[in-house]
Amino acid sequence: MTATYFAPTGGHPPQTDLLTDRAMFTDAYAVIPKGTMRDIVTSLLPFWDATRLWVLSRPLSGFAETFSQYIMEVQPGGGSDRPETDPGAEGVLFVVAGEAQLHAAGSDHALTPGGYAFLPAGTDWQLRNRGDEVLRFHWIRKAYEPVEGLPHPDVIVANEHDIAPTPMPGTDGKWATTRFVDPEDLRHDMHVTVVTLQPGAVIPFAETHVMEHGLYVLEGKAVYRLNQDWVEVEAGDYMWLRAFCPQACYAGGPGRFRYLLYKDVNRHMTLRPAQGFAAPAARLSQAAE
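Residues numbered from 1 in each chain as written. Predicted model: local features only at pLDDT ≥ 70, side-chain atom pairs only at ≥ 80, totals over all residues. Heavy atoms only, no water.

Both the distance between ring centres and the angle between the ring planes are used here to describe each pair of aromatic rings. Within the structure shown, the criterion is met by 13 aromatic pairs. Between Phe-63 and Trp-240 the ring centres are 4.7 Å apart and the planes differ by 90 degrees, which places this aromatic pair in the edge-to-face class. Residue Phe-63 is found in the loop between β3 (49-57) and β4 (67-80), and its partner Trp-240 is found in strand β19 (residues 238-241); the two are separated by 177 residues along the sequence. Grouping residues by exposure puts Phe-63 and Trp-240 together as buried. Between the aromatic rings of Phe-94 and Phe-180, the centroid separation amounts to 6.4 Å while the plane-to-plane angle is 65 degrees, which identifies the pairing as edge-to-face. Highlighted residues: Phe-94 in strand β5 (residues 89-97) and Phe-180 in the loop between β13 (175-179) and β14 (190-197), separated in sequence by 86 residues. In this structure, Phe-94 and Phe-180 share a single accessibility class: buried. Linked through ring pairs, Trp-48, Tyr-70, Trp-125, Phe-137 and Trp-139 together constitute an aromatic cluster. The aromatic ring of Trp-139 is capped on one face by Arg-141, whose charged end is 5.8 Å from the ring centroid. (Phe/Tyr/Trp six-rings, centres within 6.5 Å; stacked < 30°, edge-to-face > 60°. Helix = DSSP H or I, 4+ residues; strand = E, 2+ residues; numbered from the N terminus. Buried < 20%, exposed > 50% of the residue type's maximum accessible area, 1.4 Å probe, protein only. Lys NZ or Arg CZ within 6 Å of the ring centre and 35° of its normal.)

Now the structure itself:
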């Protein structure tokens, strides 16, 4: 089945529209519907040309704290030769429209819809839109947590169309995850995957765990359990979950339900914040020693 990827295009609603919307922000989760991603809430970044972005999540004390997530919109000819200004930040790019020309660690790559790139902290990379269409992609950033004795992970460039989804046990493939990183590779402290639920499939229990989540709906619609609420979501909506927020899902159809998922993994729980959240330069210095 051909994959589809929703991406916002901005614009503004007419003055005659109702103000009622599905947007909500609670102490356990946030829902940012696609209708909130308008021109007026876009941002710009230093050293990016012909580019704007929607910020979907950012670290907030007392809420989700490990990552930020953007939807980038790059006009033809735009891009950046200095995209990342934090040397301690690792990143994942996931393309949903257009074609990105990525130069990373001395190699060139073309990223088309479904294209994925993992960029370790400290990677020398640049990105340009060399095509005639607007380029849209997700950019997920996290401060890398080095561990003494583990090397840094490598650059990974892939496309989800070339990866067979891994079915969840006991689901006959109705609930599956496309993984770009080996789950047992402990060099990685975050995973970004694509989750697919066929019509009628469910997450059959209220997952309650330490991992934070960002979930962007790429395709379809479903009813999602968030803490004590059941919320309808559709392609273009974003969900932001703090640690231990109960979650479940029912994909009612008529088509499949797919989302891009972030989660933090593979690290001890920080007991001493002053040491666990060192400045990026200090983290890289410690990793190099």
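This paragraph deals with the side chain of Arg-141. Structurally, Arg-141 can be placed in strand β10 (residues 135-143). On the basis of relative accessible area, Arg-141 is assigned to the buried category, the value being 18%. At 3.2 Å, the side chain of Arg-141 forms a polar contact with the side chain of Tyr-70. Contacts of Arg-141, omitting those with residues within four sequence positions, involve Thr-66, Phe-67, Ser-68, Tyr-70, Glu-84, Asp-86, Ala-89, Glu-90 and Gly-91. (Polar contact = N/O pair within 3.5 Å; in protein donor to acceptor, adjacent residues only side chain to side chain. Contact = heavy atoms within 4.5 Å.)

Each strand in a sheet pairs with another by means of backbone hydrogen bonds, the pair being arranged parallel or else antiparallel. With antiparallel pairing, four strands are arranged side by side in an open sheet as β15-β20-β17-β18. Each edge of the sheet is formed by a strand with only one pairing partner; in this case those strands are β15 (202-207) and β18 (229-234). Between one strand axis and the next, the sheet turns by 25 degrees as a mean value, whatever way the strands run. Here β15 pairs with strand β20 (residues 247-250) via three bridges, running antiparallel. Residue pairing in the sheet places Ile-203 in a bridge with Cys-249 of β20. (Pairing = 2+ DSSP bridges. Axes fitted to C-alpha atoms, helices over the stretch in contact; angles between N-to-C directions.)

Attention now goes to the nonpolar core. Most often, soluble globular proteins keep nonpolar side chains buried together rather than apart. Judged by nonpolar contacts, the single largest core of 28 residues is most densely connected at Phe-94, Tyr-116, Tyr-216, Leu-218 and Leu-260. Those elements that place two or more of their residues in this core are β3, β4, β5, β8 (115-119), β14, β16 (213-219), β19 and β21 (257-264). Dropping the residues within four chain positions of it, Leu-260 is found in contact with Gln-69, Phe-94, His-138, Ile-140, Val-192, Thr-193, Val-194, Gly-214, Leu-215, Tyr-216 and Leu-218. By size, the runner-up hydrophobic cluster in this structure holds 24 residues, among which are Ala-28, Ile-203, Tyr-224 and Ala-251. (Core = buried A, V, L, I, M, F, W, Y, C linked by side-chain atoms within 4.5 Å.)

What the eight strands build is an open sheet, ordered β1-β2-β19-β16-β21-β14-β13-β12; its pairing is antiparallel. Edge strands, defined here as strands with exactly one partner in the open sheet, are β1 (24-25) and β12 (166-167). Note: β16 against β21, six bridges, orientation antiparallel. Opposite Gly-214, over in β21, you have Tyr-262 as the bridge partner.

Moving on, we come to the confidence of the model for the protein chain. Confidence in the prediction for the protein chain averages 93 pLDDT; 94% of positions are at 70 or higher. Low pLDDT, under 50, characterises residues 274-289; the predicted model gives this stretch 17 contacts beyond four residues in sequence or across chains. (pLDDT = per-residue confidence, 0-100.)

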